Amino acid sequence: MYERPSVILTNDMFMGGEDGYETLILALAAELIKSDGNQNQKELTYVDLILEKNFSAENAIQLKSEFRKILKREYKVEDICYTLNSDYDAGAKIQVIQFLCAIATCDSYLTDSEYRFLLTVAQKIRVPFKTFRAILAMFNYRTQQHREQHKKNFNQKKKVYAASSSLTKAYELLEIEVSVTDKEVKKAYRKMAKKHHP
């Protein structure tokens, strides 16, 4: 089973004044969640879980309450990124991108608007594109195009066979009967491999 990469937010990075790191990162998380036009409950719950995992119960409750207030406000992403760029080091910026990627992909889908938001933030806080892509690659997700194709296939009631979906289908592909021996299966496989080898 796939295990999501851990997102670790350190207490010392979340200390600050009015525009402390916690406000900045939660404001970016709120803008990301709103970027595709709806507030996905899985994404909201994921932020809560990250806060609960990384902070004491008291601090997590306080940060979750602050996050709900932040969700109701509008923030200028450019201003947040400017502050992150000028006040925080590369490690903190990478941590922001990892946190945002985890939120965007927690429902196993990455919409086009979420991707554009992530890319914009990465560019504005000067995280190299290769680093951004490497961070995003840590997460298991499908794009909006995958989702639309899946809906299309489902609506047309097409059967989509996975490699292991049907043992009978495998025997058909090898052009053999189900009752053959293991030796004959191997022979048929080798024959098919030679036939389709470039």
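Definitions and limits used
- Residues numbered from 1 in each chain as written.
- Predicted model: local features only at pLDDT ≥ 70, side-chain atom pairs only at ≥ 80, totals over all residues.
- Heavy atoms only, no water.
- Core = buried A, V, L, I, M, F, W, Y, C linked by side-chain atoms within 4.5 Å.
- Buried < 20%, exposed > 50% of the residue type's maximum accessible area, 1.4 Å probe, protein only.
- Helix = DSSP H or I, 4+ residues; strand = E, 2+ residues; numbered from the N terminus.
- Contact = heavy atoms within 4.5 Å.
- Axes fitted to C-alpha atoms, helices over the stretch in contact; angles between N-to-C directions.
- Parallel < 35°, antiparallel > 145°, perpendicular 65-115°, else oblique.
- Left-handed = near helix turned anticlockwise from the far one by under 90°.
- Nonpolar A, V, L, I, M, F, W, Y, C, P; charged D, E, K, R; others polar.

(A) Inspection of the nonpolar core at higher detail. In this structure, L28, F67, I97, L100, L118 and V121 are the most contacted members of the largest nonpolar core, which totals 47 residues. At the level of elements, α1 (21–34), α2 (41–54), α3 (57–72), α4 (77–87), α5 (90–105), α6 (112–124) and α7 (129–137) are the ones that each hand at least two residues to this core. With 10 residues, the top contributor of residues to this core is α1. With residues up to four places along the chain from it excluded, the contact list for L28 reads V77, I80, L84, V96, L100, F117 and V121.

(B) Structural context of the packing of α2 against α5. The contact between α2 and α5 brings their axes to 8 Å, and the two run at 140°. Taken together, α2 and α5 sit at an angle that is classed as oblique. The handedness of the crossing between α2 and α5 is right-handed. Taking contact as the criterion, the partners of E43, Y46, V47 and I50 in α2 are, on α5, F99, A102, I103 and A104. The class makeup of the residues in the contact of α2 with α5 is seven nonpolar, no polar and one charged.

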